Amino acid sequence: MSFAAQSADHLIDRLGITKRSDLLLLEEIAWTRGILVKEGLLEGSEARLVMAKGRGVITISSSIQDLRRKRFSIAHELGHFELHRAQRGLSLCLSEDIREGVGRTAGQDLEQEANEFASALLLPYRFFAPLCKKQEPSLDYVAHLANDFSTSLTATALRYLNFCEEPVAIVYSHDNRIQWFQGSKDFETIREDLEFFIDVRARLDRSSLAATMFQGRNLPSKMSRVLASSWFTSGRYDQNATILEHSYFMPTYNATLTLLWIDEDIENEDEELTED
Amino acid sequence: MKKRRPIETEAQLLVALERFFTNISQSEPIEAIDEELREYGYDPKALGSQIEVLSKRALANSQLNWRIQARQEIDAAKEKLNRFEYMTPDHHSDRSFTLNSIQQLLRKLGSQDSQLVPAHFRNFDSASDQDLLSLLQELEFLASSHENHED
C-alpha cells in the first residue's frame, strides 16, 4: 500500500468509520481535519486549497456539475492537506491535475499522490476490496460499485483493478483512439509473459466493440467475445484466441471505457511446441 | 411503592436504565413509563436531566461525535467566512491592493515560505480579480480562525 493510501486508511481509522455510508460525509470528514469545504467561482482551476497554521479552505469550482467529480476533487485537495502541507501553503489544482484516469506529466508527483489518496479515501480497501472479488468482472458490476460509493466510473474501474483477481484491463479511448490503459496484476503478468501491448494512441481496431460504438451504432452494452488481436499488438498468443470485451460509450466525452478480460488461456501452444 | 436502589454512580445509572428499558414495552406511552419510574421511587424529570448530562458527556468524548457536530460547526464557519466578503468592497477596484493584502496576510500567517506560495499558485499573476478576492477572503478567514485559536 502506498504512503498516500496508508494516510487515507489512517484517517478512516481515526474517525472510527465502520460503514461505507459515512464516506458520503466528505465535508464533515474534511472539517474534522480543520478544512472548510465550499463552492465558489473559480476561473482557470477546478479546485483550490488554501492552508495556514494547520487549517485550510477548499474551494470547489461551482462549474463542476457532476457530484462524483466534486467528491473526487474534495478528496484530492484533502490529500494535499494530509500529505503535502509541509511543502505547500497554497495549492491550485487544474482539471488535468485531478485525474480519475491514468497518466501524468513530469513533475506532477504531488498531484499523483493526491489522486491516490482520493481514490483510497473514497474507495477504501476495507469496504471496496471484498466486493471486487464477489462477482465476475464486468463494467456493469463496476458501475454498480461506482453508484454505491458515489464515485466516477473511471475512478472506480481503476481502483477495481487493484483488487480484482482476474486478468482484466481498463482501456480509455477518445475519438476512436486509445488514450491509456491499465491492467490488473494478473493481466500484466500475462501481458509480459506473452509479450504484447495495448497500443496507446493507436486507432481502435474495427473489430472491437468500442470502435463500433464510435461509428454511432447503437449496440447493447454487454460483455462480448472478440479476437484478442482486436486489442493486443502481436505477441506470443494464439491469433484465433478470444477475450471478453465490455465497453461503455460516454457521449459527453466522445469516449469509451472498456473492460477487457482474458478469461481463458490465449497462449500460442504451437509456438511453445516449436520452442521445445 | 417498590424499594428504590440508590443510584450513586454513572455505572449504576446505566445498569438501572438497561434493566428498566429491557423490561418495558416499546409501545408503552411516556406517561406510563413516568408512572412506572415513580413506582420505583425515581423522579422522571430528575432522571431525565441525569441521563441528558451523561449522554452529552458520552457524545462529547465519542469518536463518532464528528458525524453530528461537524455539520453545525461547518454552517457556523461558512457564516463567518461570508462575513469577510463584506469587508473587501473597496478592493474590487484595485487589483494591486488586493495582491498586497494577500501578501500581507501570507506574511502574517507566516509559517509558510512566502516565496514558495506564489510558485505553487500557478496562475497567481493571471488570476482573475474574482479569484484573488475569494482568496483574500479565505486568508482573512484563516487568519481570524488562527487568532481566535490563539486567544
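Conventions and cut-offs
Residues numbered from 1 in each chain as written. Chains lettered and ligands numbered in written order. Predicted model: local features only at pLDDT ≥ 70, side-chain atom pairs only at ≥ 80, totals over all residues. Heavy atoms only, no water. Helix = DSSP H or I, 4+ residues; strand = E, 2+ residues; numbered from the N terminus. Buried < 20%, exposed > 50% of the residue type's maximum accessible area, 1.4 Å probe, protein only. Contact = heavy atoms within 4.5 Å. Areas by Shrake-Rupley, 256 points an atom, 1.4 Å probe, with all protein chains shown as cover. Core = buried A, V, L, I, M, F, W, Y, C linked by side-chain atoms within 4.5 Å. Polar contact = N/O pair within 3.5 Å; in protein donor to acceptor, adjacent residues only side chain to side chain. Axes fitted to C-alpha atoms, helices over the stretch in contact; angles between N-to-C directions. Parallel < 35°, antiparallel > 145°, perpendicular 65-115°, else oblique. Left-handed = near helix turned anticlockwise from the far one by under 90°. Nonpolar A, V, L, I, M, F, W, Y, C, P; charged D, E, K, R; others polar. Phe/Tyr/Trp six-rings, centres within 6.5 Å; stacked < 30°, edge-to-face > 60°. Lys NZ or Arg CZ within 6 Å of the ring centre and 35° of its normal. Pairing = 2+ DSSP bridges. Domains from an automatic or database assignment. Buried area = accessible area lost by both parts, 1.4 Å probe. Salt bridge = Lys/Arg side-chain N within 4 Å of Asp/Glu carboxyl O.

### Details of the overall build of chain B
The number of helices and strands found in chain B is seven helices and zero strands. Traced from its N-terminal end to its C-terminal end, chain B shows the element sequence α-α-α-α-α-α-α. Burial statistics for chain B: of 151 residues in total, 32% are counted as buried. Within chain B, counting contacts between residues at least 6 apart in sequence, those at least 24 apart form 71% of the total. When the accessible surface of chain B is split by element, carbon and sulfur atoms take 52% of a total near 10,100 Å².

### So, the nonpolar core
All names here are of chain A. Counting residues in hydrophobic clusters, the biggest one holds 61 residues, and the most contacted among them are Leu121, Tyr160 and Leu257. Here the element with the most residues in this core is helix 7 (residues 153-163); it accounts for seven residues. Leaving out residues up to four positions away in the same chain, leucine 121 has contacts with Ala8, Leu11, Ile12, Leu23, Leu26, Ala75 and Leu78. The next biggest cluster of nonpolar side chains, apart from the first, holds 23 residues, and it includes Ala169, Ile178, Ala210 and Ile243.

### Brief notes about the side chain of A:Arg191
Residue and element names in this part refer to chain A. Along the chain, arginine 191 turns up in helix 8 (residues 185-194). One polar contact links the side chain of arginine 191 to the main-chain carbonyl oxygen of phenylalanine 196, over a distance of 3.2 Å. When near neighbours in sequence (up to four residues on either side) are disregarded, arginine 191 contacts Phe181, Phe196 and Phe197.

### Considering the packing of helix 5 (residues 125-132) of chain A against helix 6 (residues 139-149) of chain A
Residues and elements named next belong to chain A. Where helix 5 contacts helix 6, the axes come no closer than 11 Å and their chain directions differ by 160°. Considered as vectors, helix 5 and helix 6 are oriented roughly antiparallel to each other. At the point where helix 5 passes helix 6, the crossing takes the right-handed sense. Where helix 5 approaches helix 6, its residues Phe127, Phe128 and Leu131 are matched on the opposing element by Tyr141, Leu145 and Phe149. Class assignment of the residues belonging to the contact of helix 5 with helix 6 gives a composition of six nonpolar, no polar and no charged.

### Regarding the packing of aromatic side chains
All names here are of chain A. Taken as a whole and assessed by the stated rule, the structure comprises 10 aromatic pairs over all chains. Three or more aromatic residues link up through ring pairs in this structure, and these residues are Tyr125, Phe128, Phe149 and Phe163. Above the ring of phenylalanine 149, the side-chain terminus of arginine 20 is found at 5.1 Å from the ring centroid.

### A short note on the sheet that holds strand 9 (residues 255-261) of chain A
Residue and element names in this part refer to chain A. Taken together, five strands build an open sheet; the order of strands is 6-5-9-8-7 and the sheet is antiparallel. Of all strands in the sheet, those with a lone pairing partner are strand 6 (177-183) and strand 7 (224-227), marking the two edges. Each strand axis lies, on average, 30° off the axis of its neighbour in the sheet, ignoring direction. Relative to strand 8 (residues 242-250), strand 7 runs antiparallel, the two being bridged by four bridges. Paired with valine 226 across the strands is isoleucine 243, a residue of strand 8. Running over the sheet, helix 6 touches strand 5 (168-174), strand 8 and strand 9 and is turned about 45° from strand 8.

### So, the domain arrangement of chain B
All names here are of chain B. What the domain assignment reports for chain B is domain 1 (30-83) and domain 2 (88-150). Opposite the four residues of domain 1 that make contact, domain 2 presents six residues. Roughly 400 Å² is buried in total at the junction of domain 1 and domain 2, and carbon and sulfur atoms are behind 60% of that figure. Linking domain 1 to domain 2 there are zero salt bridges. Connecting domain 1 to domain 2 are two residue pairs in polar contact (both at pLDDT 80 or more). Here the side of domain 1 that touches domain 2 is composed, by residue class, of two nonpolar, one polar and one charged.

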